[in-house]
Amino acid sequence: MNSFFLSTIHEEEDTSWLNYLNIVSDKYLQEKIINNKNFGVTHHSESLKNDKNFLKFMNFICQRSYSILDNQGYDLKNYSLMVKDLWVQEFSKKGGSNHNTHVHASHISGFYFLKCSDKTSFPVFHDPRPGKLMIQLPEKNVNEITDASEKIIFKPKPGTFVFFNSFLGHEFVVDQGLEQFRFIHFNIEAVFKNLVHNKIDKL
């Protein structure tokens, strides 16, 4: 039996970023959290791409994304990886915050979890094949990961990285507001090297 058209999710633990990223993220969230404690609100920062405090982090996630795409068989010799989007989010202390299922128009997306626990929200990934979803049969055991699985649940802890192909639909379940839930979300895009060079030349 062969498996084709696989969807891979790369997970790793690295707590070395935690303290630093929580500190540099605070200024983007403190005022929003203090002034808005409504149920269901997601506190969303502005873009972090131009903040030099995140430069080493951006270099790291680009390098890791390159390795993932390379191992998946993609030919990147004519491409450079760039951070397309980078922002930090924290769910409302009143609970109710969540994200509906969505995808991103990039190549690699991911999360780095800064504050979370077994009492907070978590990401759920969905089968990206619309043809399968149209004729989905019941699963024998939804608690087992099989070829029949329709969704996969990840339970992160502070310091968890998750990288995945951006075409993979994902959501965050409703948070109960029992403990803090904060994470950095990023999208990485492969861009033709000549376009990157042309852009730099014009600056």
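Some points on helix α2 (residues 55–71)
Given a rise of 1.5 Å per residue, 17 residues ought to cover 24 Å, and the 25 Å separating the end C-alpha atoms of α2 matches this to within 8%. Those residues of α2 not exposed but buried are Phe57, Met58, Phe60, Ile61, Cys62, Ser65, Ile68 and Leu69. Positive backbone phi, approximately 105°, marks Gly73, located one or two places after α2.

Some details on the packing of aromatic side chains
By the definition in use, this model includes 27 aromatic pairs. Ring geometry for Trp17 against Phe57: centres 5.4 Å apart, planes inclined by 80°, an arrangement best described as edge-to-face. Here Trp17 is found in the loop between β1 (9–13) and α1 (18–35), whereas its partner Phe57 is found in helix α2, with 40 residues between them in sequence. For Trp17, a relative accessible area of 16% corresponds to the buried category. Note on Phe57: relative accessible area 1%, which makes it buried. Each ring, one from Phe111 and one from Phe164, has its centre 5.3 Å from the other, and the planes form 45°; the classification is tilted. Remark: Phe164 occurs in strand β8 (residues 160–165) and Phe111 occurs in strand β5 (residues 108–115); sequence separation between them is 53 residues. An aromatic cluster of at least three residues, connected via ring pairs, comprises Phe91, Phe111, Phe113, Phe125, Phe154, Phe164, Phe172, Phe181 and Phe183.

With respect to the side chain of Ser121
Positionally, Ser121 belongs in the loop between β5 and β6 (123–126). Among the polar contacts listed, one links the side chain of Ser121 to the backbone oxygen of Val173, at a separation of 2.5 Å. Ser121 has contacts with Phe91, Phe172, Val173, Asp175 and Phe181, leaving out every residue within four places of it along the chain.

Calculation notes
Residues numbered from 1 in each chain as written. Predicted model: local features only at pLDDT ≥ 70, side-chain atom pairs only at ≥ 80, totals over all residues. Heavy atoms only, no water. Helix = DSSP H or I, 4+ residues; strand = E, 2+ residues; numbered from the N terminus. Expected span 1.5 Å × (residues − 1). Buried < 20%, exposed > 50% of the residue type's maximum accessible area, 1.4 Å probe, protein only. Phe/Tyr/Trp six-rings, centres within 6.5 Å; stacked < 30°, edge-to-face > 60°. Polar contact = N/O pair within 3.5 Å; in protein donor to acceptor, adjacent residues only side chain to side chain. Contact = heavy atoms within 4.5 Å.

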